[in-house]
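An overview of the molecular structure
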Amino acid sequence: MIGHTTSGAVPRSDAVDKVTGAARYTGDLRLPGMLHAALVRSSRPHARRSFVESSAARQAPGVVAVITAEDLEALDPWFGNIVLDRPVLAQDVVRFVGEPVAIVVADTPARARAAAAVVHVGYEDLPVVDSVESALEAALPIHQGPYRPGGISAIQVDPDLGRNIAHRHRRSRGDVDDLPDGALVLDDTFRFPAVYQYAMEPHTALARWDGEQLEVWSTAQHPFAVRRELARILGLDLAGVRVSAPYIGGGFGSKSWTKIEPLAAVASWVLQAPVRLALTMQEAMVTSRRHNAEVEVRSVFTPEGRLHARRVHARFDTGAYTDNGPQVIAVALDAAIAPYDVAAYDLDAVAVFTNTPPAGSMRAIGTPQVHWGCERHVDLAADRLGIDPLELRRRNLAPRGRHLFPRMTPVDADLASSLDLLEAALDDDQEPPLPGRVRGRGVALAMTGAGGSPISTAWIRMHADGSVTVHAASTELGQGSRTALRQLVVRRLGLPVTRVGLVAGDTRSAPYDQSTGASRTTTVTGRALMMAVDDLLTQLRAIAADLGGVHEASVEVADGKATWPGGEADYADLVAHEFGSAGGELLGHGATGGGRLATFEPGGPLFWEVAMSAADVEVDLETGQARVTRYVAVSDVGAVVHGPSIRGQETGAVVMGIGHTLSETLRFSEGQLITPDLASYHVPIATDAPFEIVTDHVANGDGPGPFGSRGIGEGAVVPVAASITNALRRALGVEVTRLPVTTEDLWRAIEDLPTPPQR
Amino acid sequence: MIPDTNDQIEVSVRVNGIEHHLTVDAGTTTLELLRDELLLTGTKLSCGEQRCGVCTVLVDGRPISACTYLAYELRGTEVLTIEGLASDGELDTLQTTFVEENALQCGFCTPGMIMTARALLNDIERPTERQIRSALSGNICRCTGYDAIVRAVASARDREAP
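A quick note: this is a predicted structure, and the numbers were derived from the prediction, not measured. (Residues numbered from 1 in each chain as written. Chains lettered and ligands numbered in written order. Predicted model: local features only at pLDDT ≥ 70, side-chain atom pairs only at ≥ 80, totals over all residues. Heavy atoms only, no water.)

**Describing the overall build of chain A**
A count of helices and strands for chain A gives 17 helices and 30 strands. Whereas a compact globule of 759 residues would reach a radius of gyration of roughly 27 Å, chain A reaches 27 Å, a difference of no more than 12%. Referenced to the eigenvectors of the C-alpha coordinate spread, the extents of chain A come out at roughly 85 × 75 × 50 Å. If you take every contact in chain A between residues at least 6 apart in sequence, the share linking residues at least 24 apart comes to 80%. Mean positive and mean negative side-chain charge positions of chain A (69 and 91 charges, respectively) differ by 2 Å. (Helix = DSSP H or I, 4+ residues; strand = E, 2+ residues; numbered from the N terminus. Rg over C-alpha atoms; globule rule 2.2 N^0.38 Å. Contact = heavy atoms within 4.5 Å. Lys, Arg positive; Asp, Glu negative; His and termini not counted. Charge placed at Lys NZ, Arg CZ, Asp CG, Glu CD.)

**Observations regarding unusual backbone geometry**
For the bond from Ala338 of chain A to Pro339 of chain A, the omega torsion is 10°, close enough to zero to count as cis. Cis rather than trans, the peptide bond between Leu739 of chain A and Pro740 of chain A has omega equal to -5°. Within the element layout of this structure, Pro740 of chain A appears in the loop between helix 16 (720–732) and helix 17 (743–752). Look at Leu39 of chain B: it is not a glycine, yet its phi comes out positive at around 55°. With respect to the helices and strands, the residue Leu39 of chain B is situated in the loop between helix 1 (30–37) and strand 3 (56–59).

**A closer look at the interface of chain A and chain B**
The interface of chain A with chain B comprises 57 residues on the first partner and 45 residues on the second. Taking both sides of the interface into account, the surface hidden between chain A and chain B amounts to around 4100 Å²; carbon and sulfur atoms contribute 59%. Looking only at chain A, the three residues that lose the most surface to chain B are Val19, Met200 and Phe691 of chain A, adding up to 18% of its buried area. At the boundary of chain A with chain B, the tally comes to five salt bridges. Asp36 of chain B is the salt-bridge partner of Arg30 of chain A, the closest N and O atoms lying 2.9 Å from each other. The interface formed by chain A and chain B includes 24 residue pairs in polar contact (both at pLDDT 80 or more). (Buried area = accessible area lost by both parts, 1.4 Å probe. Salt bridge = Lys/Arg side-chain N within 4 Å of Asp/Glu carboxyl O. Polar contact = N/O pair within 3.5 Å; in protein donor to acceptor, adjacent residues only side chain to side chain.)

**What to know about helix 1 of chain B**
Residues and elements named next belong to chain B. Among all positions of helix 1, only Thr30, Leu31, Leu33, Leu34 and Arg35 are buried. Those residues of helix 1 hidden inside the fold are in contact with strand 1 (8–15), strand 2 (18–25) and strand 3. Following helix 1 by one or two positions, Leu39 adopts a phi angle in the positive range, close to 55°. (Buried < 20%, exposed > 50% of the residue type's maximum accessible area, 1.4 Å probe, protein only.)

**Some points on the environment of Asn355 of chain A**
All names here are of chain A. Within the secondary structure layout, Asn355 lies in the loop between strand 17 (344–353) and helix 9 (367–385). Asn355 gets classed as buried once you look at its relative accessible area, which sits at 0%. Between the C-alpha atom of Asn355 and that of Phe96, which follows or precedes it by 259 residues, the distance is 4.9 Å. Excluding residues within four positions of it along the chain, Asn355 makes contact with Pro45, His46, Arg95, Phe96, Pro127, Val128, Val129, Ile142 and Gly671. Of note is the side chain of Asn355, whose polar atom sits 3.2 Å from the backbone oxygen of Pro45.

**Description of the packing of aromatic side chains**
Residue and element names in this part refer to chain A. Summed over the entire model, instances satisfying the criterion amount to eight aromatic pairs over all chains. With a centroid separation of 6.5 Å and 50° between ring planes, the pair formed by Trp78 and Tyr147 is classed as tilted. A residue pair is termed long-range when its members are at least 10 positions apart, and Trp78 in strand 4 (residues 78–79) and Tyr147 in the loop between helix 4 (132–136) and strand 9 (165–173) qualify at 69 residues. Trp78 sits in the partly exposed class, given a relative accessible area of 21%. Overall, the relative accessible area of 25% leaves Tyr147 in the partly exposed class. With a centroid separation of 4.7 Å and 50° between ring planes, the pair formed by Phe224 and Tyr512 is classed as tilted. Separated by 288 residues along the polypeptide, Phe224 in helix 5 (residues 223–234) and Tyr512 in the loop between strand 21 (500–503) and helix 13 (521–548) bring together distant segments of the chain. (Phe/Tyr/Trp six-rings, centres within 6.5 Å; stacked < 30°, edge-to-face > 60°.)

**As for the sheet that holds strand 20 (residues 468–471) of chain A**
Residue and element names in this part refer to chain A. The four strands lie next to each other as 21-20-19-25, forming an open sheet whose pairing is mixed. Strand pairing shows two members of the sheet lacking a second neighbour, strand 21 and strand 25 (586–592), which therefore form its edges. Pairs of neighbouring strands in the sheet enclose a mean axial angle of 20°, with direction left out of account. (Pairing = 2+ DSSP bridges. Axes fitted to C-alpha atoms, helices over the stretch in contact; angles between N-to-C directions.)

**Here we look at the side chain of Arg289 of chain A**
All names here are of chain A. One can find Arg289 in the loop between helix 7 (281–284) and strand 15 (292–301). Among the polar contacts made by the side chain of Arg289, one reaches the side chain of Asp317 at a distance of 3.3 Å. Within the structure, the side chain of Arg289 is placed 2.9 Å from the backbone oxygen of Pro357, a separation counted as a polar contact.

**A word on the side chain of Ser613 of chain A**
All names here are of chain A. With respect to the element layout, Ser613 can be found in strand 26 (residues 607–620). Reaching out from Ser613, the side chain makes a polar contact with the side chain of Tyr631 at a distance of 2.8 Å. At 2.7 Å, the side chain of Ser613 forms a polar contact with the side chain of Ser723. In this structure, Ser613 is in contact with Leu422, Gly442, Val443, Ala444, Tyr631, Val632, Ala633, Pro719 and Ser723, ignoring residues within four places of it in sequence.

**A look at helix 5 (residues 147–160) of chain B**
Its 14 residues place the ends of helix 5 of chain B 20 Å apart at the C-alpha level, agreeing with the 20 Å of an ideal helix rising 1.5 Å per residue. The buried fraction of helix 5 of chain B is high, at ten of 14 residues. Within the sequence span of helix 5 of chain B, burial applies to Asp147, Ala148, Ile149, Val150, Ala152, Val153, Ala154, Ser155, Ala156 and Arg157 of chain B. If you follow the buried residues of helix 5 of chain B, they end up packed against helix 15 (643–663) and strand 30 (692–698) of chain A together with helix 2 (93–100), helix 3 (110–123) and helix 4 (129–135) of chain B. (Expected span 1.5 Å × (residues − 1).)

**Quick notes on the nonpolar core**
Counting residues in each nonpolar core, the largest one holds 97 residues, and the members touching the most others are Val312, Leu422, Ile724, Leu728 and Leu732 of chain A. Considering each element in turn, this core owes the most residues, eight residues, to helix 16 of chain A. Beyond its immediate sequence surroundings of up to four residues, Leu728 of chain A is in contact with Val617, Val619, Ala626, Gly733, Val734, Val736, Val741 and Leu746 of chain A. Counting residues in each nonpolar core, the second largest holds 68 residues, with Ala364 and Ala716 of chain A together with Cys52 and Leu120 of chain B among its members. (Core = buried A, V, L, I, M, F, W, Y, C linked by side-chain atoms within 4.5 Å.)

**Digging into the packing of helix 13 of chain A against helix 14 (residues 571–579) of chain A**
Residues and elements named next belong to chain A. Look at helix 13 against helix 14: their axes get within 9 Å of each other, and the N-to-C directions meet at 75°. With respect to their mutual orientation, helix 13 and helix 14 come out roughly perpendicular. When helix 13 is examined against helix 14, the residues Leu540, Ile543, Ala544, Asp546 and Leu547 are found in contact with a partner set consisting of Tyr571, Leu574, His577 and Glu578. (Parallel < 35°, antiparallel > 145°, perpendicular 65-115°, else oblique.)

**Brief notes about the packing of helix 12 (residues 481–493) of chain A against helix 13 of chain A**
Residues and elements named next belong to chain A. Relative orientation of the contacting elements helix 12 and helix 13 amounts to 35°, with a least axis distance of 10 Å. For the pair helix 12 and helix 13, the crossing hand works out as right-handed. Across the interface between the two elements, Ser481, Ala484, Leu485, Leu488, Val489, Arg492 and Leu493 from helix 12 touch Thr521, Thr522, Thr525, Gly526, Leu529, Met530, Val533, Asp534, Leu536 and Leu537 from helix 13. Residues belonging to the contact of helix 12 with helix 13 are distributed by class as follows: ten nonpolar, five polar and two charged. (Left-handed = near helix turned anticlockwise from the far one by under 90°. Nonpolar A, V, L, I, M, F, W, Y, C, P; charged D, E, K, R; others polar.)

**Quick look at the pairing of strand 16 (residues 307–319) of chain A**
Residues and elements named next belong to chain A. Taken together, the ten bridges between strand 15 and strand 16 define a ladder with antiparallel strand orientation. Among the inter-strand pairings, Glu296 is bridged to a residue of strand 16, identified as His313. Between the end of strand 15 and the start of strand 16, which pair antiparallel, lie five residues, with Gly305 showing a positive phi angle near 90°. Pairing geometry for strand 16 and strand 17, over ten bridges, is parallel.

Below is the structure:
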């Protein structure tokens with residue numbers, strides 16, 4: 001029996017299942033008569049698809065069907081959360097290497113794969129757009145359009161398809177060219193790589209169409225969004241589609257919105273049999289990614305160190321389809337000034353189509369790309385102006401209540417508290433680095449728009465024995481949503497955690513939740529759940545008042561019971577009093593949203609996520625290898641709901657950030673991914689991670705979530721790149737403007753230094 | 001002798017203490033045998049090319065990648081998977097410390113991570129932090145940043161070899 005975690009908190013509610021192998025993921029599910037799908041994928045980055053020759057595949061052992069776009073003409077076989085520009089199977093044109101062209105279904109996965117390899121697709125090649133520069137001047141646009149809106153994400157797109165622009169987003173205030181006296185002006189272009197989310201579980205979906213209803217089990221982060229797309233594709237009511245997400249083996253955005261579910265669904269629809277599609281990791285790596293971006297940054301400082309103006313012009317490579325690109329570039333621009341109060345700004349971002357796999361959401365969408373160059377400038381300014389880097393940042397922090405952007409949520413946290421914690425956690429008494437190494441420290445502050453959609457609903461059922469079951473659809477990706485939601489109920493109802501059950505991640509058995517991402521579950525789903533609990537408490541109070549013959553106002557409900565002057569009853573007694581015998585149950589309901597509900601301020605974000613950090617980085621002067629030896633991550637959580645989960649999110653985000661800073665990059669040649677495995681795409685391993693990660697958090701109780709909490713999970717990935725590259729500059733004097741900065745890059749930079757550092 | 005991939009091969013193997021007599025295709029992997037034949041789905045498939053460590057199980061006490069280790073090579077061996085680690089309802093020390101240290105999030109790498117750590121602690125009585133990280137360097141975790149995992153292994157070490 002395990003009592004508590006070492007920090008004294010209760011263990012994650014899924015911990016024992018996950019250490020014993022009992023936890024079920026989509027790939028672990030089996031249905032009677034289940035068939036297996038494999039995909040025929042485009043080998044061309046941009047081409048007309050002329051024919052699909054599949055007679056050999058159809059005759060291969062175990063093969064049941066080969067499905068192409070022509071088989072889907074009775075359906076509406078398009079998807080996309082923002083615009084419906086993505087065909088389920090390529091129709092007349094393929095737009096990236098790896099785009100699904102046909103589905104081969106067989107009795108075993110191996111037979112499906114073997115047959116897929118002998119399907120022959122005819123292509124007539126079209127001009128390839130392999131970079132953002134060539135996209136803007138391409139003779140042949142990748143998309144002709146126009147497309148219908150996807151209708152799931154409420155964002156109006158501003159495309160220019162002739163120039164391969166999927167969306168443009170601009171914000172401005174004041175005159176950035178009106179320079180103050182003695183201004184320090186910094187101009188640089190910063191490049192951020194395309195990276196893969198690399199959740200350890202590749203995308204998997206299992207669909208069963210029975211002629212009336214569609215059931216899908218999937219690795220989907222947002223089952224309700226997938227349900228809506230599947231219903232439209234098959235012409236069904238929402239009530240006719242169930243999407244269920246069991247445990248998900250990591251998401252980080254790669255499994256957001258709709259990804260492979262339509263492929264499994266249409267195969268099941270064609271065959272009237274259950275069909276599973278399980279991607280290989282190589283296939284997963286061409287299913288989603290983070291946008292690579294080129295970001296021009298101008299920063300204008302007064303001689304006193306005030307950040308006076310910022311110009312950011314950013315070009316994001318969104319790949320072959322829109323996916324969540326428009327939302328990504330919009331959120332990205334928050335990071336162009338936040339967390340600083342800047343008088344004038346001119347911000348302009350475009351999402352550009354190229355013939356590469358579609359880029360979509362990844363942890364803190366768009367933000368690391370824009371943030372790191374901006375924070376590099378802040379550090380550079382501190383040096384040029386002779387001001388301590390923390391002090392310069394302190395002078396510029398936006399105060400609570402300040403609107404960084406008109407009509408958007410004002411700063412809702414006390415940023416100075418986080419900076420104080422960061423400063424206190426620095427360690428200036430470390431041993432000097434070993435001979436042949438140099439060490440530097442870099443800091444960076446971030447504040448990102450978080451929360452995503454305001455729409456969540458939740459139920460809580462109180463059973464006849466006083467135990468409860470929570471129904472909340474947030475999916476468990478590893479972030480600990482199931483633990484956090486149960487902890488909220490434990491705290492509010494005074495029940496032990498063993499008496500709080502949870503049903504999650506299933507559109508049939510839990511009520512609507514728009515999405516799981518954007519650090520929103522504790523804050524937004526949690527708030528809907530607290531409203532459900534309040535609804536339940538109101539009912540309990542009324543029942544207790546009736547039982548005790550007192551006014552409701554004199555009833556207290558807490559710690560597992562109701563009390564009133566002269567009497568008390570536990571929850572089971574109250575349910576029994578309501579129903580008259582040992583049966584029945586009470587149901588509480590909660591909902592957050594925009595519209596009439598107006599739970600949060602309009603304009604967004606729902607809250608600001610605060611992340612501040614410092615990296616101590618050592619560089620080996622012989623090899624160029626950089627190692628983060630000590631990292632401090634500070635966040636503002638508002639209130640602690642489950643401490644170990646907070647730390648886990650922070651440490652994970654830090655190491656993920658080390659990946660895009662020092663090693664990870666998806667490389668394409670003529671649209672073909674040439675880094676398709678861990679040998680060529682280096683995800684940080686245990687020896688790459690800092691041996692010492694210090695985490696601390698502000699808990700001022702001022703967040704918009706339950707008990708004053710404020711979501712975290714994404715923010716800590718944002719300041720990593722700037723912290724490390726600022727440290728590299730202080731250690732070596734190298735100015736990094738392109739990520740990742742690899743060991744080889746650093747070795748060359750050291751060789752090129754005008755005065756080589758002392759070895 | 002290396003069999004032809006179409007050959008059917010008889011395999012007798014003990015898995016988590018239970019003797020199995022199976023007939024497998026020569027190309028069947030250990031992972032397919034475990035997951036599809038024996039329905040032991042605790043061991044997961046991730047990269048499929050022996051690089052990420054997610055599918056690690058112990059064969060005669062040695063960690064192997066089940067995704068590429070052919071099932072016929074298991075003849076006469078003793079296989080231990082995550083399902084067989086707890087005995088008589090008692091969790092293994094590592095399972096306990098992984099829970100206590102919150103050393104898991106999505107859980108997909110967890111079975112392989114624990115099996116690799118089990119092999120380490122069986123081999124070396126008191127590994128240093130550096131040795132622990134080094135032993136785990138073939139097991140990728142994208143969620144935790146490894147921090148809690150290293151603590152959990154160190155904590156199990158201290159409990160087993162104080």
